[in-house]
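What the coordinates show
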Amino acid sequence: MKKRSQARVQKKRKQALMLIVMGAIALGAIAAAAILPNIMQESQAFTVDVVAAQLSEEGQAGAALFKMNCQVCHGPNAAGTKLGPPLIHDIYNPGHHSDQAFYLAAATGVRQHHWPYGDMPAQPQVAREDVSKIIRYIREMQEANGIAYKAHGM
């Protein structure tokens, strides 16, 4: 009789534990369903309209390199996508993100800081001299879209 009683107690504990686990899973799914659309909607909002620039020869070379290495995340004309922010944005003006910031981003990656996209991985396949051309392209596109140097006040 004592064994039956212990077996019932163990069975009830297992059932209670299963209910707790199932409840936690359900709450997690509800939270994800509520949060994920907002994140995706926010990501969609971080694309910008971009005016094409008259590019220098180096800017044209940078545009081709950008297309091969950066466009999948940062979008055509660096206008942003759901995967990465627009670089033709005032946040990336030379006073806030210097050219050195772009060199470092390509070499070592970037931890998430301005946008909800997560960390950017390093891009070791892009040589430093190619990064220079990509920066030239971005700066010429920024200039064509009214983005100029603004001192960063921190």
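These figures come from a predicted structure and were not determined experimentally.

Here we look at the layout of surface pockets
When its volume is computed, the largest pocket comes out at roughly 630 Å³. Together, 33 residues line the largest pocket, and His74, Leu87, Ala105, Val110 and Met120 are the ones closest to its centre. Grouping the amino acids of the lining of the largest pocket by side-chain chemistry returns 22 nonpolar, nine polar and two charged.

Let's talk about helix 5 (residues 128–144)
Between its first and last C-alpha atoms helix 5 spans 24 Å; for 17 residues at 1.5 Å apiece the expected length is 24 Å, and the two agree. Those residues of helix 5 lying buried are Val131, Ile134, Ile135, Tyr137, Ile138, Arg139, Glu140, Met141 and Gln142. On the buried face of helix 5, the contacting elements are helix 2 (57–69) and helix 4 (99–108). One or two positions beyond helix 5, positive phi appears at Gly146, with a value near 80 degrees.

Here's the deal with the packing of helix 4 against helix 5
As a packed pair, helix 4 and helix 5 sit with axes 10 Å apart at the nearest point and diverge in direction by 130 degrees. Here helix 4 lies oblique to helix 5, going by the angle between them. Helix 5 is crossed by helix 4, and the crossing has right-handed handedness. Across the interface between the two elements, Asp99, Gln100, Phe102, Tyr103 and Ala106 of helix 4 pack against Arg128, Val131, Ser132, Ile135, Ile138 and Arg139 of helix 5. Grouping the amino acids of the contact of helix 4 with helix 5 by side-chain chemistry returns six nonpolar, two polar and three charged.

Definitions and cut-offs
- Residues numbered from 1 in each chain as written.
- Predicted model: local features only at pLDDT ≥ 70, side-chain atom pairs only at ≥ 80, totals over all residues.
- Heavy atoms only, no water.
- 1 Å grid on protein atoms, 1.4 Å probe; cavity = no way out; pocket = protein on both sides within 12 Å on 5 of 7 lines; lining within 4 Å.
- Points joined across faces, edges and corners; volume = space filled by probe spheres on them.
- Nonpolar A, V, L, I, M, F, W, Y, C, P; charged D, E, K, R; others polar.
- Helix = DSSP H or I, 4+ residues; strand = E, 2+ residues; numbered from the N terminus.
- Expected span 1.5 Å × (residues − 1).
- Buried < 20%, exposed > 50% of the residue type's maximum accessible area, 1.4 Å probe, protein only.
- Contact = heavy atoms within 4.5 Å.
- Axes fitted to C-alpha atoms, helices over the stretch in contact; angles between N-to-C directions.
- Parallel < 35°, antiparallel > 145°, perpendicular 65-115°, else oblique.
- Left-handed = near helix turned anticlockwise from the far one by under 90°.

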